[in-house]
Amino acid sequence: MKLNPEGKIVILTGAGVSRESGLNTFRDADGIWAQVRIEDVATPEAFARDPEGVQAFYNARRQGLRAAEIQPNAAHLALAELESDWPGEVLLVTQNIDDLHERAGSRNLIHMHGELFKARCEDCGSIHEWRGDLEVTSPCPACGDSGNLRPHVVWFGEMPFEMDRIAAELESCDLFLSVGTSGSVYPAAGFVQEVRMAGRGHTVELNLEPSEGRDLFHEHHHGPASEVVPDYVHSLLEGVGRR
């Protein structure tokens, strides 16, 4: 496909992008939800019932993300390169709560499911960088209250962040890339359909294997993200003389 060099690109990424950096996925047979119950660690009710247990779960995940061996892979780097070198606008929407896209150099991005290295105060609503352990007794840096800080992540039963902006960007994009996502988790799984209904954007799936929504994509490239994403990005940039 020949894309207008000034065309807008919207990218959706999922757990498959970070898997090759050594992070566990949620829904694989050996993923996180096979080891713990969603109802115990990822709902507002769980936090109200057992705040210590929920904080301990996310503290362990922060510790894992801080490990020296967890680094951006070739897929993260290629998407950052696309944002940097593409003449038009590139927006990255990620379902991942890690910071690997930022470490790779992506800047115009939306964490629709939140960010592991942030905490939010349920009392005053302030959001803070938080890379260490978060305890039930940790005081909010803004209001000073203790007991009201929670991980800044979207739990089951909560609305993902910035959905109005995402919907507007999907409606006006010229190219939609879905990268490393199963197509089974809504609302993100419905993004490709939103693009198709707008009647404007070309839709491309870059995934380890066909997703549940594969029939909605105009184009498919299957294989490890660290291989198919750089290949596709480089073909786009070569098409506009940026590589």
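These numbers were taken from a predicted model, which means no experiment stands behind them. (Residues numbered from 1 in each chain as written. Predicted model: local features only at pLDDT ≥ 70, side-chain atom pairs only at ≥ 80, totals over all residues. Heavy atoms only, no water.)

**Remarks on the pattern of salt bridges**
Okay, step 1: Per the counting criterion, the structure on display carries 9 salt bridges.
Okay, step 2: One salt bridge in this structure joins arginine 165 and glutamate 162, with 3.4 Å as the shortest N-O distance.
Okay, step 3: In this structure glutamate 162 comes out as partly exposed when scored by relative accessible area, which is 42%.
Okay, step 4: Here arginine 165 ties to glutamate 169 by a salt bridge, and the two come within 4.0 Å at their closest N and O atoms. Of the two residues, arginine 165 and glutamate 169 are both situated in helix α7 (residues 163–172); the distance of 4 residues between them amounts to about one turn of the helix.
Okay, step 5: On the basis of relative accessibility, which here comes to 33%, the residue arginine 165 falls in the partly exposed class. (Salt bridge = Lys/Arg side-chain N within 4 Å of Asp/Glu carboxyl O. Buried < 20%, exposed > 50% of the residue type's maximum accessible area, 1.4 Å probe, protein only. Helix = DSSP H or I, 4+ residues; strand = E, 2+ residues; numbered from the N terminus.)

**Topic: the environment of phenylalanine 57**
Okay, step 1: Topologically, phenylalanine 57 is positioned in helix α4 (residues 51–65).
Okay, step 2: When its relative accessible area of 13% is taken as the criterion, phenylalanine 57 is described as buried.

**Things to note about the nonpolar core**
Nonpolar side chains in soluble globular proteins tend to be buried together.
Okay, step 1: In terms of nonpolar packing, the biggest core is built from 25 residues, with Ile9, Ile11, Leu82, Trp86, Leu175, Leu177 and Val229 touching the most fellow members.
Okay, step 2: When residues of this core are traced back to their parent elements, those giving at least two are β1 (9–13), α5 (74–85), β2 (90–94), β7 (175–179), β8 (202–207) and α9 (225–239).
Okay, step 3: Per-element tally for this core: the top contributor is α9, with 7 residues.
Okay, step 4: When sequence neighbours within four positions are dropped, the list of residues in contact with leucine 82 reads Ile9, Ile11, Val90, Leu177, Val233, Leu236 and Leu237. (Core = buried A, V, L, I, M, F, W, Y, C linked by side-chain atoms within 4.5 Å. Contact = heavy atoms within 4.5 Å.)

**Focus: the packing of α5 against α9**
Okay, step 1: Where α5 meets α9, the axes come as close as 7 Å, and the angle between the chain directions of the two elements is 15°. When the axes of α5 and α9 are compared, the pair comes out roughly parallel. Relative to α9, α5 is oriented so that their crossing is left-handed. Residue-level inspection shows Ala74, Ala75, Ala78, Leu79, Glu81, Leu82 and Asp85 of α5 in contact with α9, the latter providing Ala225, Ser226, Val229, Pro230, Val233, His234, Leu236 and Leu237.
Okay, step 2: Partitioning the contact of α5 with α9 into residue classes produces 11 nonpolar, 2 polar and 2 charged. (Axes fitted to C-alpha atoms, helices over the stretch in contact; angles between N-to-C directions. Parallel < 35°, antiparallel > 145°, perpendicular 65-115°, else oblique. Left-handed = near helix turned anticlockwise from the far one by under 90°. Nonpolar A, V, L, I, M, F, W, Y, C, P; charged D, E, K, R; others polar.)

**A few points about the sheet that holds strand β5 (residues 127–129)**
Where strands meet in a sheet, backbone hydrogen bonds hold them as pairs that are either parallel or antiparallel.
Okay, step 1: Read from one edge of the open sheet, 3 strands run β5-β4-β6, paired in antiparallel fashion. Every other strand in the sheet has two partners, leaving β5 and β6 (149–153) as the edge strands with one partner each. Between one strand axis and the next, the sheet turns by 45° as a mean value, whatever way the strands run.
Okay, step 2: Summarising the sheet, strand β4 (residues 114–121) and β6 pair through 4 bridges and their orientation is antiparallel. Within β6, the residue paired with cysteine 121 across the bridge is leucine 149. (Pairing = 2+ DSSP bridges.)

**So, the pairing of β1**
Across a regular strand the side chains alternate sides, sitting on one face of the sheet and then on the other.
Okay, step 1: When you tally the buried positions in β1, you get 5 out of 5 residues, the bulk of the element.
Okay, step 2: Pairing analysis gives 5 bridges linking β1 to β2, with the strands arranged parallel. Bridge pairing links valine 10 to leucine 91 in β2.
Okay, step 3: Bridge count between β1 and β7: 5 bridges; the pairing is parallel. Note on β7: the bridge partner recorded for isoleucine 11 is leucine 177.

**A few points about the pairing of β8**
Okay, step 1: Summarising burial for β8: 6 of the 6 residues are buried, a large majority.
Okay, step 2: Across the two faces of β8 the burial is the same, with His202, Val204 and Leu206 and Thr203, Glu205 and Asn207 all buried.
Okay, step 3: Both β7 and β8 contribute to a ladder of 5 bridges, which runs parallel. Bridge pairing in β8 links serine 178 to glutamate 205.
Okay, step 4: Read as a crossover between parallel neighbours, the route from β7 over helix α8 (residues 191–198) to β8 is right-handed. (Right-handed = clockwise from strand over helix to strand, strands pointing away.)

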